[in-house]
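Residue-level structural notes
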Amino acid sequence: MIDFKDKIAEEISKVLELTKEELKEYIEIPKDTKMGDYALPCFKLAKEMKKSPVIIANEIKEKIEMPNKYISKIEAVNGFLNIFINNEILIENVLDEMESKKENYGSSNIGNGKNIIVEYSSPNIAKPFHVGHLRTTVIGRALYNMYKFLGYNTIGINHLGDWGTQFGKLIEGYKRFGNEYDLEENPIDKLTEIYVRINELCKEDESVLDDCRNNFKKLEDGDEYCTQVWQKFKDLSLKEFQRIYDILDVHFDSNNGESFYSDKMQEVVDILRKNNKLLESQGAEIVDLEYKNMPPLMVTKSNGSTTYATRDLAAILYRARTYDFDKCIYVVAYEQNLHFKQVFEVAKFLDLDEKYTNGLIHVPYGMVRLKTGKMSTREGTLIKLEDILKEAISRAQAIIEEKNPNLEGKEDIAKKVGIGAVIFNDMSNNIIKDEVFDWDIMLNFQGETGPYIQYMYVRTKSILEKENYTMNKETVDISELEEHGIELIKQIYSFNDIVKQAVDKNEPSIISRYLIDVAKLYSSFYNDNKIIVEDEKIKNTRLCLTYMVGNVLKIGTGLLGMEMPDRM
């Protein structure tokens, strides 16, 4: 694919004492297409060149030789250099790429040789897989897909919360109340109830809390009974979690949770001690981070047991050695911002190459709430993710029954629409923002939603099937493209750059907003231009455009983790 920004930067670098790479950083895409396909705001050059932006823009315009293979027109307007690219070359380039790559259109190999870890989902065993886990699961999976699409060797890790003091509590609760429960049916609900009961008892009796802490210490030391009960909890939990992952079609390359690092934490303690970073504090061992204006990080507790920060540090060591990562991305809610700042800072004391410590990235996201603002039932338990997904499918099915009761494969379509609506809603805005669940908006086929994009895709597919169309760039007559069509092709051209932007910022919403723009633009094109006409040149040109739009919508939603129905 021709990089027009690169070509423009190269031309401008010939008349300025700036490198092509520097200029590429300055070049922007104007919001209003009337202001050009690209623009160079000369305000950024004024200080260095000691001239007004207006003069700089005019001088560059005069010095660039025209006509140019890649540039059709240049305008200097109020300190901006507005550049219009050669539409014919762009369209031919898009057609070539689309025909050769098809379902891989927009992909690249810029990530070849680089290893990216994405840690996501990571639920706690023996606790419900609640709606709060939705965001980390779908955002993480989208990042995984995006990096892979650009050629990176991507490793998806489900860092299960399967270690820690809470299991000492659960073991104690099971000792005391286990014979009252049948864990074969709804095991997570039963374990949650046991956990709630033992927590209440701990509040009433400090000695019970001491017993719980001792249980976890025994678990760390390999006590047979504690290990056996813990393994039972883990097996039951994984079976329940897998059901959710199957609904979402989520997979991982590794399910190594916190317990995997139980025999790897001593090395962390030893290295920190060797580097004189451990301080004793009321029997516990900490790393002082006051120089970074942060609270200390606890590495071992007063009874000798470890913390989940210790396990995170052990994981960093292991992952650096095992995966030689360029980036290790943690998709975790913004509530954990401080934790990751502390852990990443302490990781610098583990004798690791700077490549690894510089590659540690926390991708925070906002909370999930309902339109009412409430996210819990009267008992104080969080809403289960499975219930949300089933509700989404059920509501989608009701809409289909109302609008198209004779549709074949309604159940499968309802699943794709319902799950797609939930996924797209999660990433329709910047992920740092809190997400609001509003069913009426999510499942709207007309708004800026997942179902709207799916509907537009189905429309393209229906048109192509009626004509039995397959991609053939030779049948396209560029002269038959009107304004909407050219604008659509420019949008399609930008897809690879959109994915790169989303990866650079670890922000899937960049793709979701792009898909809405493409769907809306095609809707306008479709409304203004009949696709199936008698003139073969016009028909084939518009069919090709329809194919390209449908392909990009499918690829883009696939990166987000959505499936496209064939009918709606």
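Here, every reference points to the structure presented above.
Describing unusual backbone geometry
- For the bond running from M66 to P67, omega is 5°, close enough to zero to count as cis.
- On the secondary structure map, P67 appears in the loop between α4 (53-63) and β2 (71-77).
- In this structure, K50 takes a positive phi of about 55° despite not being glycine.
- Within the fold, K50 resides in the loop between α3 (43-49) and α4.
- What makes K50 exposed here is its relative accessible area of 73%.

Thoughts on helix α10 (residues 224-248)
- Helix length check: α10, at 25 residues, gives a terminal C-alpha distance of 36 Å against a target of 36 Å (1.5 Å per residue), a fit within 8%.
- Lining the buried residues of α10 we find α6 (132-149), α7 (165-177), α8 (187-204), α9 (206-220), α15 (385-403) and α16 (410-426).
- Where α10 begins, the side chain of D223 points an oxygen toward the backbone nitrogen of Y225, at a separation of 3.2 Å.
- Just downstream of α10, D249 is the residue with a positive phi angle, here 55°.

Quick notes on the packing of aromatic side chains
- Enumeration over the complete set of coordinates arrives at 24 aromatic pairs.
- On the numbers, 5.4 Å between centres and 80° between planes, the contact of F129 with Y245 is edge-to-face. In this pair, F129 is assigned in the loop between β4 (115-119) and α6 and Y245 in helix α10, connecting sequence segments 116 residues apart.
- Residue F129 is classed as buried on the basis of its relative accessible area, which comes to 6%.
- Relative to F525, the ring of Y522 has its centre 6.0 Å away and its plane inclined at 35°; by these criteria the two rings are tilted. Of this pair, Y522 and F525 are both found in helix α21 (residues 509-528), 3 residues apart, which corresponds to roughly one turn of the helix.
- By way of ring pairs, the aromatic residues Y120, F129, F241, Y245 and F252 are connected into one cluster.
- Stacked on the ring of F84, the Lys or Arg K73 has its end atom at 4.4 Å from the ring centre.

Section: the nonpolar core
- Among the nonpolar cores identified, the biggest contains 189 residues, and I12, M548 and L553 are the most heavily contacted of them.
- Here this core takes 11 residues from helix α22 (residues 536-560), the largest share from any one element.

Details of the packing of helix α19 (residues 483-493) against α22
- At a minimum axis distance of 11 Å, the contact between α19 and α22 shows a crossing angle of 35°. Like other packed secondary-structure pairs, α19 and α22 cross with a definite hand, here left-handed. For the pair α19 and α22, the contacting residues are G485, L488, I489 and I492 in the first and L545, M548, V549 and V552 in the second.
- Its residues assigned to classes, the contact of α19 with α22 comprises 7 nonpolar, 1 polar and no charged.

Things to note about helix α1 (residues 4-13)
- Buried residues of α1: F4, D6, I8, A9, E11 and I12, and no others.
- Two or three places before K5, at the start of α1, stands the capping residue D3, its side-chain oxygen 3.2 Å from that residue's backbone nitrogen.

Quick look at the sheet that holds β4
- Pairing within the open sheet is parallel, and its 4 strands lie in the order β5-β4-β9-β10. The sheet terminates laterally at β5 (153-157) and β10 (360-363), the two strands that pair on one side only. For this sheet, the mean angle separating the axes of adjacent strands, direction not counted, is 20°.
- Taken strand by strand, helix α12 (residues 308-323) contacts β4, β5, β9 (327-331) and β10, and its axis lies near 145° from that of β4.

Quick notes on the sheet that holds strand β6 (residues 278-281)
- The 3 strands lie next to each other as β6-β7-β8, forming an open sheet whose pairing is antiparallel. Each having just a single partner strand, β6 and β8 (297-300) make up the two edges of the open sheet. Geometrically, the sheet is characterised by an average inter-axis angle of 45° between neighbouring strands, direction not taken into account.
- Bridge count for β6 against strand β7 (residues 284-287) is 4 bridges, and the pairing is antiparallel. If you follow E280 over to β7, its bridge partner there is E285.

Re the environment of E28
- Tracing the backbone shows E28 in the loop between α2 (20-26) and β1 (38-41).
- On the accessibility criterion, E28 (34% relative accessible area) is partly exposed.
- Once the C-alpha coordinates of E28 and A39 are considered, the two residues, 11 residues apart in sequence, prove to be 5.2 Å apart.
- At 3.2 Å, the side chain of E28 and the side chain of K44 are in polar contact.

Conventions and cut-offs
- By convention here, each chain's residues receive numbers from 1 onward along its written sequence.
- In view of the model being predicted, local features appear only for residues whose pLDDT reaches at least 70, and side-chain atom pairs are presented and counted only at 80 or more, with totals across whole chains, interfaces and linings using the full set of residues.
- Values reported for side chains reflect all heavy atoms of the structure, with hydrogen atoms and water molecules removed beforehand.
- Strands are runs of DSSP state E lasting at least 2 residues, helices are runs of H or I lasting at least 4, and numbering of each runs from the N terminus.
- Think of it in three bands: residues with accessible area under 20% of the maximum for their type are buried, residues over 50% are exposed, and the middle band is partly exposed, with areas taken using a 1.4 Å probe on protein chains only.
- The span expected for a helix works out to 1.5 Å for each residue beyond the first.
- When checking whether two residues touch, look at their non-hydrogen atoms; a contact exists if any pair is within 4.5 Å.
- Under this definition, polar contacts are N or O atom pairs within 3.5 Å; protein pairs additionally need one hydrogen-donor-capable and one acceptor-capable atom, and for neighbouring residues in sequence, both atoms have to be side-chain atoms.
- Each aromatic pair joins two rings of Phe, Tyr and Trp (for Trp, the six-membered one) with centres within 6.5 Å, and gets the label stacked for planes under 30 degrees apart, edge-to-face for over 60, and tilted for any other angle.
- For a ring to carry a charge above it, either NZ of a lysine or CZ of an arginine must fall within 6 Å of the ring centroid while also lying within 35 degrees of the normal to the ring plane.
- We call a set of buried Ala, Val, Leu, Ile, Met, Phe, Trp, Tyr and Cys residues a nonpolar core when their side-chain atoms join them within 4.5 Å.
- Whenever a helix is involved, its axis is fitted only over the stretch in contact; in every case the axis is a line through C-alpha atoms, and angles between N-to-C directions fall within 0 to 180 degrees.
- Left-handed describes a crossing whose near helix is turned anticlockwise from the far helix by less than a right angle; the clockwise case is right-handed.
- Under this grouping Gly is polar, as are all residues other than the nonpolar Ala, Val, Leu, Ile, Met, Phe, Trp, Tyr, Cys and Pro and the charged Asp, Glu, Lys and Arg.
- By the convention used here, strands pair only if DSSP detects at least 2 bridges between them.

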